Structure formats: C-alpha cells, structure tokens
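Architecture at a glance
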Amino acid sequence: MKINQKKQNEIELFELDGELDFHTSPELRDKFQEVFQKQLRKVVVNLKKVSYIDSSGLATFVEALQKIKRYNGKLVLTDLVPAVRSVFEIAKLDKVFSLANTEVEALQLVAQ
Amino acid sequence: MEKMFELIAKSENLPPFRVTLRELLKQSDVNEKKSGEILLAVQEVLTNVVRHAYQGQAGKIKVVFQDSHDQISVTIQDFGRPFDLTQVPDPELPKKDPGGLGIFLIKKLMDQVEYTSPQGEGNLLRLVKFKKNAPQVS
C-alpha cells in the first residue's frame, strides 16, 4: 500500500494505491493518527487506485470518521471503484460516509 | 477442478494467496462480481483464522478450491480454537463502531456457509457460490 499525503489549501489529501486489507490497514491507521493528534478538520481520501478493501479497511475508515467527527472535522472519501463501493454498500456504510465521485467534488464537500 | 493449498497463518501470507485465488477464479467461468465476492469472503475467513483461531500463532491452514459445473466451493480448515461463526447474529447496520463486519460479509457474500469442528478440534468452513443466480419464484 502506497500512501501519498499532501496539503491543498487547508485540506489534507490522502491518495492510496494498492489493496486495503488486514495486512495493510495498520499502515493507514498509523498515518491517520497524525490527523487525529493535530485535529486536522478537513480530510479527503482518494481511493481511485484501491482495487480491494476488506472489513479491516472498512474498520479503519469507520474509526477515522468517529475520531474526526469528535472534534467537528470532516472526512470525505472519493473515486471509489465499483468493487470497493459495493463493499461499502453491503455494509450500508454508504449512508454514513460522504462519498464523492470526483476529487473536485470531494474538495468542495469537505470545504463546506 | 480441485486445488489444495497449505498456508501458515500470518497476515503477510494473505495478499499473496489472494493473487493465487484471483488467478484460479479468472480461469473459472464465474463472473467478475461473483469472483470478487468469493475472494473477499475467503480472505475474511483467513483473517479470522489468523486473528481468532490461532490468535497470532503461526498455525497451519488448509484450503481446498473446487470449481464444478454449477458452483465454486472453498473449504478452509484450521487447527486452532473452535468457533462457529455461522452462529453469530448479523449486526445492526450501519455499524457505529469499527470492527465486527467480517463475519457478516462472509455470510452475505456467499450462497452457503457450512461449519463443522472435526472431532471438536479446529474449524472447517465450506463456502459455496453458485455460478448462476437461483431462479426467482413468482
């Protein structure tokens, strides 16, 4: 799993590349720790290059959303490929997360 | 067609096995959506074995992949702590806390999930996915 992190205006943008599973999700959880510690309020995660996610990956995002919401921050996920979106839908997490179709849309959503 | 595999229960062994399974599914005539569902369900079972059956110990896992005319079946056997995941009730969705979705996904994604604990030792799970959808009853 490659994790690219950059700042765009006041928004923290993560670009993930690879498969998010039980083995790789601890790496993402570690990256998110910095977000929580600094209480970064606007976070976008681009999943365009994530072809696979399992329940550990979902749990990582659920935990991140909970922690970011605690300090009134926003987390938006964008560019989910159909296979990944389908796992979110099966778990009904598409009702919980802000899911954008494009990065532009995600940046607008998180900035609101 | 039948293929047998033996794995050591470590998280780093899961991604390479996923590559192997993906290749086998590509060779079968099951569609891409169902392949993805089988792949995810099997990985969730293997993750459970690593985390719960062996609790971090590097135990042995046997996997048998069978591709027959109407179904794909994958049998996963471990020799760790017995636990019948088919008895776990489905969670209320969407879950508010992280975790606890793996067993739900296994049951949701597969057409059949059968559990036995041979001689009360370890776990044997058989996952089945039918290649064609069951006809709708009108």
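Up top is the structure these notes are about.
Everything in this summary refers to the structure shown in the same document. (Residues numbered from 1 in each chain as written. Chains lettered and ligands numbered in written order. Predicted model: local features only at pLDDT ≥ 70, side-chain atom pairs only at ≥ 80, totals over all residues. Heavy atoms only, no water.)

1. Quick look at the interface of chain B and chain A
Counting from both sides, the interface comprises 26 residues of chain B and, opposite them, 20 residues of chain A. Taking both partners together, chain B and chain A bury about 1800 Å²; carbon and sulfur atoms supply 67% of that area. If you look at where chain B meets chain A, you find three salt bridges. On inspection of chain B and its partner chain A, the count reaches five residue pairs in polar contact (both at pLDDT 80 or more). Broken down by secondary-structure element, the contributors of at least two residues to the side of chain B that touches chain A are α1 (14–27), α2 (32–53) and α3 (102–109) of chain B. Top contributing element to the side of chain B that touches chain A by residue count: α2 of chain B, with seven residues. (Contact = heavy atoms within 4.5 Å. Buried area = accessible area lost by both parts, 1.4 Å probe. Salt bridge = Lys/Arg side-chain N within 4 Å of Asp/Glu carboxyl O. Polar contact = N/O pair within 3.5 Å; in protein donor to acceptor, adjacent residues only side chain to side chain. Helix = DSSP H or I, 4+ residues; strand = E, 2+ residues; numbered from the N terminus.)

2. As for helix α1 (residues 25–37) of chain A
Residues and elements named next belong to chain A. With 13 residues, α1 should cover 18 Å at 1.5 Å per step; its first-to-last C-alpha distance of 19 Å lies within 8% of that length. Among all positions of α1, only S25, L28, F32, V35 and F36 are buried. Here the buried face of α1 lies against β1 (2–8), β2 (11–20), β3 (42–53) and α2 (55–70). (Expected span 1.5 Å × (residues − 1). Buried < 20%, exposed > 50% of the residue type's maximum accessible area, 1.4 Å probe, protein only.)

3. With respect to the sheet that holds strand β1 (residues 2–8) of chain B
Residue and element names in this part refer to chain B. Taken in spatial order, the five strands line up as β1-β2-β3-β5-β4 in an open sheet, and their pairing is antiparallel. The open sheet has two free edges, formed respectively by β1 and β4 (112–116), since each of these has just one partner strand. Averaged over neighbouring strand pairs, the angle between their axes works out to 15 degrees when direction is ignored. Both β4 and strand β5 (residues 123–130) contribute to a ladder of five bridges, which runs antiparallel. Each residue of the ladder has a partner; that of V113, found in β5, is L127. Most of the contacts of α1 go to β1, to which it runs at about 170 degrees, and overall it touches β1, β2 (60–67) and β3 (71–78). α2 rests against β1, β2, β3 and β5 of the sheet, and its axis sits at about 170 degrees to β5. (Pairing = 2+ DSSP bridges. Axes fitted to C-alpha atoms, helices over the stretch in contact; angles between N-to-C directions.)

4. A short note on the sheet that holds strand β4 (residues 74–78) of chain A
All names here are of chain A. Read across the open sheet, the five strands follow the order β1-β2-β3-β4-β5; overall the sheet is mixed. Of all the strands in the sheet, the pair left with one neighbour each is β1 and β5 (98–100). Here the average twist between neighbouring strands, direction ignored, is 25 degrees. Pairing analysis gives eight bridges linking β2 to β3, with the strands arranged parallel. Bridging from a neighbouring strand, E12 pairs with V43 of β3. Sitting on the sheet, helix α3 (residues 82–90) is in contact with β3, β4 and β5, with an inclination near 110 degrees to β3.

5. Re the nonpolar core
All names here are of chain A. L16, V45, F61, L77, F88 and F97 are the most contacted members of the largest nonpolar core, which totals 70 residues. Dropping the residues within four chain positions of it, V45 is found in contact with F14, L16, F32, F61, L75, V76, L77 and T78. Of all hydrophobic cores here, the second largest spans eight residues; its members include I11, A100, L107 and V110. (Core = buried A, V, L, I, M, F, W, Y, C linked by side-chain atoms within 4.5 Å.)

6. Remarks on the environment of D67 of chain B
Residues and elements named next belong to chain B. Tracing the backbone shows D67 in strand β2. Using a relative accessible area of 15% as the deciding quantity, one classes D67 as buried. Linking D67 and P98, residues 31 residues apart in sequence, is a C-alpha distance of 34 Å. Looking at D67, its side chain comes within polar contact range of the side chain of K131, at 2.6 Å.

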